[in-house]
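Single-letter residue listing:
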Amino acid sequence: MTSPNEPLPNASAGTAIPLPVLGPESRTADGRLSSWIFDLPVVELRAGYRAAVYFDRARRILAAERDDTEVTIQVFQRHDDVVACGIDEALAVLALGAGESVDHDAADRAFADYLNARNLARRSRQSGGPDYLKAVRAQVEAEVAFDRLWRPARGDVRVRALRDGMRLSAWEPVVEISGPYRLVAHLESVYLGVLARRSLVASNVAQVVNAAGDKPVLFFADRFDHWATQGGDGYAAFVGGAQGVATDAQAAWWGERGLGTIPHALIAVYHGDTVAATAAFARQLPDVPLVALVDFANDSVSTSLACARAFGDRLWGVRLDTSNMMVDRSLWDEMGDFVPTGVNPRLVWKVREALDAAGFQHIRVIVSGGFTAERIAAFEAAGVPVDSYAVGSSLLKGDCDYTADVVLREGEPCAKSGRRYRESRRLEEVDLAMHAGRRTADDRSAGTADQTGSGGGTT
């Protein structure tokens with residue numbers, strides 16, 4: 001078995017699709033992700049389109065009543081040892097979405113125009129060409145028209161927050177928001193959902209990484225949820241400690257590329273010949289470390305040896321992905337005192353011993369297929385010679401719900417029964433102006449006239 005501390009192969013080697021490189025503008029001056037990274041639907045946030053209806057109605061009532069009562073909201077979850085994630089994204093939601101319409105009736109009409117323009121642009125995409133370009137321009141113009149009716153919160157809303165990657169205790173404040181409730185009420189659904197999803201994935205990945213010790217964990221959960229979750233899920237996996245992800249979109253928020261080997265489908269195209277499919281991969285992607293998928297014929301030992309003999313030092317590793325409904329052919333004569341299905345410890349040992357005996361000690365063994373933190377921990381406790389774990393669906397399961405409560409009114413306690421204001425020395429002041437794109441690191445160092453202090457507002 002190779003050294004467990006050896007880095008994974010270069011994710012960008014041999015890729016054909018050029019991707020933009022993230023520069024310093026991807027981070028705020030205080031090191032958080034910039035708001036543009038998240039591609040938020042800003043007009044929809046401001047209009048309350050993404051809010052639970054009762055939140056949007058609450059802000060409309062307070063606006064009509066001209067109520068500027070200041071409240072303090074604390075956001076928390078209920079479990080110990082959670083890995084916080086989604087905080088930077090939640091701050092972007094607040095920075096770009098906090099505020100009010102100067103004329104609610106006119107803003108409602110403008111938002112209806114925006115929705116119609118957006119839907120037209122979506123329909124026009126099917127035909128493309130000049131009609132599509134015209135429709136996109138109309139959508140942008142509708143967004144600008146809505147924004148003209150929007151008054152950003154600016155310094156009226158002040159925020160303190162923890163950092164992505166911090167370990168949380170139950171009930172610990174993660175984000176604290178102070179200001180008139182009507183300026184932020186319509187954002188609660190969105191920032192709570194962001195925190196819940198990102199922290200769930202980051203915490204699940206952290207558990208798997210902890211179970212794997214110093215062996216790399218790959219986040220291969222792209223096929224187990226909606227495609228639109230990839231960017232945030234991949235970033236959460238990165239925060240949780242994963243060393244690789246499956247798609248370029250999953251790696252985009254921190255400027256990396258996806259990792260991958262060979263799918264079963266490619267082997268099928270080559271008549272089920274794993275060596276032939278692997279050879280094609282090697283020819284066409286000569287700069288990518290070569291990893292053979294060896295369970296297609298349900299004979300992982302023989303297939304691993306065949307690939308090792310065909311590619312020698314060029315072969316970086318083999319991946320075992322035997323279905324949990326199957327027993328690998330190499331185990332047929334050994335069944336009786338262990339669970340023989342799927343990628344089990346005995347199968348891994350058989351592959352490792354066969355490669356070593358044939359002089360292929362350099363070839364790594366990667367395993368995938370239904371792995372969880374508990375299963376990885378069992379493999380590690382037993383000393384199973386795995387070099388890397390690829391994990392998928394288990395990393396998206398579970399719950400990590402967040403709650404936001406008003407705990408102070410005009411600085412005095414005013415929380416629902418069972419809740420209270422909780423002091424926290426870990427919360428940091430956040431300058432929302434940076435997250436709204438109104439201030440850069442250069443602006444701060446130069447002392448521009450737009451200084452509003454650590455409680456600065458949104459756009």
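Structural data are supplied above this passage.
Residues numbered from 1 in each chain as written. Predicted model: local features only at pLDDT ≥ 70, side-chain atom pairs only at ≥ 80, totals over all residues. Heavy atoms only, no water.

Asker: Any chance you could break down the pairing of strand 10 (residues 290–293) for me, citing the residues and the numbers?
Answerer: Burial along strand 10 is two-sided: the residues L290 and A292 and V291 and L293 are all buried. Of the pairings in the sheet, the one linking strand 10 to strand 11 (residues 315–320) comprises four bridges and is parallel in character. In the sheet register, L293 faces strand 11, and the bridge partner there is R319. What joins strand 10 to strand 11 is helix 11 (residues 300–311), and the crossover it makes is right-handed. (Buried < 20%, exposed > 50% of the residue type's maximum accessible area, 1.4 Å probe, protein only. Helix = DSSP H or I, 4+ residues; strand = E, 2+ residues; numbered from the N terminus. Pairing = 2+ DSSP bridges. Right-handed = clockwise from strand over helix to strand, strands pointing away.)

Asker: Before we move on, can you summarise the environment of L183 with the specific residues and values?
Answerer: Relative to the elements of secondary structure, L183 occurs in the loop between strand 7 (175–180) and helix 6 (188–212). When its relative accessible area of 1% is taken as the criterion, L183 is described as buried. Residues L183 and G97 lie 86 residues apart in sequence; the distance between their C-alpha atoms is 8.7 Å. When sequence neighbours within four positions are dropped, the list of residues in contact with L183 reads G97, A98, G99, E100, R151, A153, D156 and V157. (Contact = heavy atoms within 4.5 Å.)

Asker: Mind laying out the nonpolar core, listing which residues take part and the relevant values?
Answerer: Counting residues in hydrophobic clusters, the biggest one holds 109 residues, and the most contacted among them are Y191 and F219. The biggest single contributor to this core is helix 6, with 15 residues. In this structure Y191 touches I73, V75, A90, L94, I177 and A404, once residues within four positions along its chain are discounted. (Core = buried A, V, L, I, M, F, W, Y, C linked by side-chain atoms within 4.5 Å.)

Asker: Before we move on, can you summarise the packing of helix 6 against helix 13 (residues 373–381) with the specific residues and values?
Answerer: It is the contact of helix 6 with helix 13, at a shortest axis distance of 8 Å, that shows an interaxial angle of 5°. On the basis of their axis angle, the class for helix 6 and helix 13 is roughly parallel. For the pair helix 6 and helix 13, contact is made by Q207, V208, A211 and A212 and by A373, I376, A377 and E380, respectively. A class-by-class count of the residues in the contact of helix 6 with helix 13 yields six nonpolar, one polar and one charged. (Axes fitted to C-alpha atoms, helices over the stretch in contact; angles between N-to-C directions. Parallel < 35°, antiparallel > 145°, perpendicular 65-115°, else oblique. Nonpolar A, V, L, I, M, F, W, Y, C, P; charged D, E, K, R; others polar.)

Asker: Requested: an account of the layout of surface pockets, with residues and values cited.
Answerer: Space inside the largest pocket adds up to approximately 930 Å³. Together, 28 residues line the largest pocket, and F38, D39, L40, P41 and A228 are the ones closest to its centre. Contributions of two or more residues to the lining of the largest pocket are made by helix 1 (42–47), helix 4 (104–124), helix 5 (129–147), helix 6 and helix 7 (230–240). It is helix 6 that provides the largest number of residues to the lining of the largest pocket, a total of four residues. Here the residues of the lining of the largest pocket sort into 13 nonpolar, six polar and nine charged. (1 Å grid on protein atoms, 1.4 Å probe; cavity = no way out; pocket = protein on both sides within 12 Å on 5 of 7 lines; lining within 4 Å. Points joined across faces, edges and corners; volume = space filled by probe spheres on them.)

Asker: Can you tell me about helix 10 (residues 274–284), naming the residues and giving the values?
Answerer: Of all the residues in helix 10, the buried ones are T274, A277, T278, A279, A280, F281 and A282. Lining the buried residues of helix 10 we find helix 9 (264–269), strand 10 and helix 11. Structurally, the start of helix 10 carries an N-cap: the backbone nitrogen of V275 is 3.1 Å from a side-chain oxygen of D273. (Polar contact = N/O pair within 3.5 Å; in protein donor to acceptor, adjacent residues only side chain to side chain.)

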